[in-house]
Amino acid sequence: MLSERILGSLIRDKGREGRRGFTLPRNDVDDVEFSAIVPKERLRSEKPGLPEVDEPTVVRHYTNLSRKNQAIDTTFYPLGSCTMKHNPRANEVAAANPGFAGLHPLQPEAQVQGALQVMHELQGFLAEISGLPAVSLQPLAGAQGELTSILMVRKFFEEAGDAGRTTVLVPSTAHGTNPATASMVGYGAKEIGVDEHGGVDVEELREAVDETTAALMITNPNTCGVYERNIREISEILHEAGAFLYMDGANMNANLGRMRPAEAGVDIMHYNLHKTFSTPHGGGGPGCGAIAATDVLAPFRPDPVVEREGEEFRFARPQKSIGRVAGFHGNFGPILRAWNYIKMHGPELRDVTDMAVLNANYVRAKLGGTYRIPYNELCKHEVVVQPPEGKKALDIAKGLIDFGYHPPTIYFPLVVKEAMLIEPTETESKETLDDFIGAMLELAETSNEELQAAPTGAPTRRLDETRAARKLKARW
Ligand SMILES: *Cc1c(COP(=O)(O)O)cnc(C)c1O
């Protein structure tokens, strides 16, 4: 985030009334009376007050801003639970293809057969990877994939005439979006604790499940990077009570080709295509939270899905659809990139998972001994560590900025004090990991006084994070 001083010195003060950096085509449309179309109170009475500047000033402004950011294209970015991995440039070439990029969502199906084929094939890939045959590509983000899934569960119970299901269970290691989803759909969210391995406490779950339970939302691997080893037993407990097992599969780069959710008893799940199958997604988008479900839940999928009839691809409305959850067909860009990414790997897709898990465990092994590892067992794609006694996660994170790294996720998961959640991802080399580990070990030896001064080399020093969160000022 940039201080007002930097923003101001760059552009606000450089504006001069009437200066232009663009040329608009000549207006060849008859003058319209705007107030006839837009209600008067919606019309501006004054100019918006933007700086009026020439093109070089604008270019420098945005280029300088971009250089003040840390990004996956400039540095290692081990942001746990967010999967900031390299996005292959081949994906961008595919996404920029005018044959795709220039499509309009209202074009007739006959003109967009290629795009429909991509969607149809991706539905098939995601069904194959999860073992869950009914896919929808419509949700625009992971959190929306969760929402879609739980809306489908709710509709199932409505159709079944079962009005007594009022609760969704959420383990304390779940992603924060899980309980939020449950309550947005109108369910009460009930928390389930963790056992000594960092997994769901099965006994507590057994106690909590009853005829009011609609579903359990399980993140697997969970936000401690731990695989839920009892997932089968967990699914049986739910199924016996007539409830569903939903899996947050945002981090499927820990499972690809190694674990099929359907075989573990999962009824419905979401993917984060932008994480697992690589779409640049810093700053909140664009994404795709595709879902996959069993045949039982298939009729409730959002409208439309892509079907194949002979050589033709077409949109179809699932029988008892919950309706649309996004405009048109969702975010086509991440869909195309995911298709490309999966095709590029082919049968070796499993290597993604093997490398992600290997890299996380390498970091775990090298930091262990200096950093505390609360669940010191084989982890999956990410590892949670704690700084040495007497040091704070925040200080280590700020220190990493001076080494040129984007800090990992800190103070999350909530079940671990002073947590640092490190996700190296599969796209980083051993040399990069060794450099990062070196920085972490050096910071562990640095005095608290020095650490508390960090970052010293960034465009801004430490921000008042409480004020930033409570009184966010996103415009000037
Ligand atoms: C990232 C993530 C989400 C949310 O995904 P968005 O696309 O940011 O909405 C949900 N669950 C888990 C486990 C995640 O890592």
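A brief look at the structure comes next. (Residues numbered from 1 in each chain as written. Predicted model: local features only at pLDDT ≥ 70, side-chain atom pairs only at ≥ 80, totals over all residues. Heavy atoms only, no water.)

It is worth spelling out the overall build of the protein chain at this point. Along the backbone of the protein chain there are 17 helices and twelve strands. Relative to the globule expectation of 23 Å for 476 residues, the C-alpha radius of gyration of the protein chain, 25 Å, shows essentially globular dimensions. Principal axes of the C-alpha set define a box for the protein chain whose edges measure 70 × 65 × 45 Å. Scored against the burial criterion, the 476 residues of the protein chain give a buried share of 49%. Carbon and sulfur atoms provide 51% of the accessible area of the protein chain, an area that totals close to 23,700 Å². (Helix = DSSP H or I, 4+ residues; strand = E, 2+ residues; numbered from the N terminus. Rg over C-alpha atoms; globule rule 2.2 N^0.38 Å. Buried < 20%, exposed > 50% of the residue type's maximum accessible area, 1.4 Å probe, protein only. Areas by Shrake-Rupley, 256 points an atom, 1.4 Å probe, with all protein chains shown as cover.)

What follows covers the sheet that holds strand 3 (residues 188-192). Across the sheet, which stays open at both edges, the seven strands sit in the order 1-7-6-5-4-2-3 with mixed pairing between neighbours. Both edges of this open sheet fall to strand 1 (134-136) and strand 3, since each of them pairs with a single strand only. Neighbouring strand axes in the sheet, compared pairwise and without regard to direction, differ in orientation by 20° on average. Sheet topology note: the strand 6 (residues 268-271)/strand 7 (residues 291-293) ladder contains three bridges and is antiparallel. (Pairing = 2+ DSSP bridges. Axes fitted to C-alpha atoms, helices over the stretch in contact; angles between N-to-C directions.)

Moving on, we come to the site of the ligand. Contacts to the ligand come from 14 residues, most closely from Ser81, Gly142, Asp248, His274 and Lys275. Separating an oxygen atom of the ligand from a backbone N or O atom of Ala143 is a distance of 2.8 Å. In this structure, His274 approaches the ligand through a side-chain N or O atom, which is 2.8 Å from an oxygen atom. Among the secondary structure elements, those contributing two or more residues to the shell around the ligand are helix 7 (142-159) and helix 11 (273-276). The element that contributes the greatest number of residues to the shell around the ligand is helix 7, accounting for three residues. A breakdown of the residues in the shell around the ligand according to their chemical character gives three nonpolar, eight polar and three charged. (Near = heavy atom within 4 Å. Polar contact = N/O pair within 3.5 Å; in protein donor to acceptor, adjacent residues only side chain to side chain. Nonpolar A, V, L, I, M, F, W, Y, C, P; charged D, E, K, R; others polar.)

As a further point, take the packing of helix 6 (residues 113-130) against helix 12 (residues 332-345). As a packed pair, helix 6 and helix 12 sit with axes 10 Å apart at the nearest point and diverge in direction by 60°. The angle between the axes of helix 6 and helix 12 places the two elements in the oblique class. For the element pair helix 6 and helix 12, the recorded crossing hand is left-handed. Contacts between helix 6 and helix 12 involve Ala115, Val118, Met119, Glu121, Leu122, Phe125, Leu126 and Ile129 on the former and, on the latter, Phe332, Ile335, Leu336, Ala338, Trp339, Ile342 and Lys343. Partitioned by chemical class, the residues of the contact of helix 6 with helix 12 number 13 nonpolar, no polar and two charged. (Parallel < 35°, antiparallel > 145°, perpendicular 65-115°, else oblique. Left-handed = near helix turned anticlockwise from the far one by under 90°. Contact = heavy atoms within 4.5 Å.)

Let us look at the pattern of salt bridges. Applying the stated rule across the entire model yields 23 salt bridges. Residue Arg20 is joined to Glu52 by a salt bridge in which the shortest nitrogen-to-oxygen separation is 2.9 Å. Of this pair, Arg20 sits in the loop between helix 1 (4-10) and helix 2 (34-37) while Glu52 is found in the loop between helix 2 and helix 3 (55-67), placing the two residues 32 residues apart along the sequence. Linked through salt bridges whose partners overlap, the residues forming this network are Arg20, Lys47 and Glu52. (Salt bridge = Lys/Arg side-chain N within 4 Å of Asp/Glu carboxyl O.)

Taken together, the side chains of Val32, Phe34, Ile37 and Leu43 present a nonpolar region at the surface, about 390 Å² in accessible area. If you trace the backbone, Leu43 turns up in the loop between helix 2 and helix 3. Of the residues examined, Leu43 reaches a relative accessible area of 34% and is grouped as partly exposed. (Patch = residues over 30% accessible without salt bridge, like charges linked within 9 Å, V, L, I, M, F, W, Y side chains within 5 Å.)

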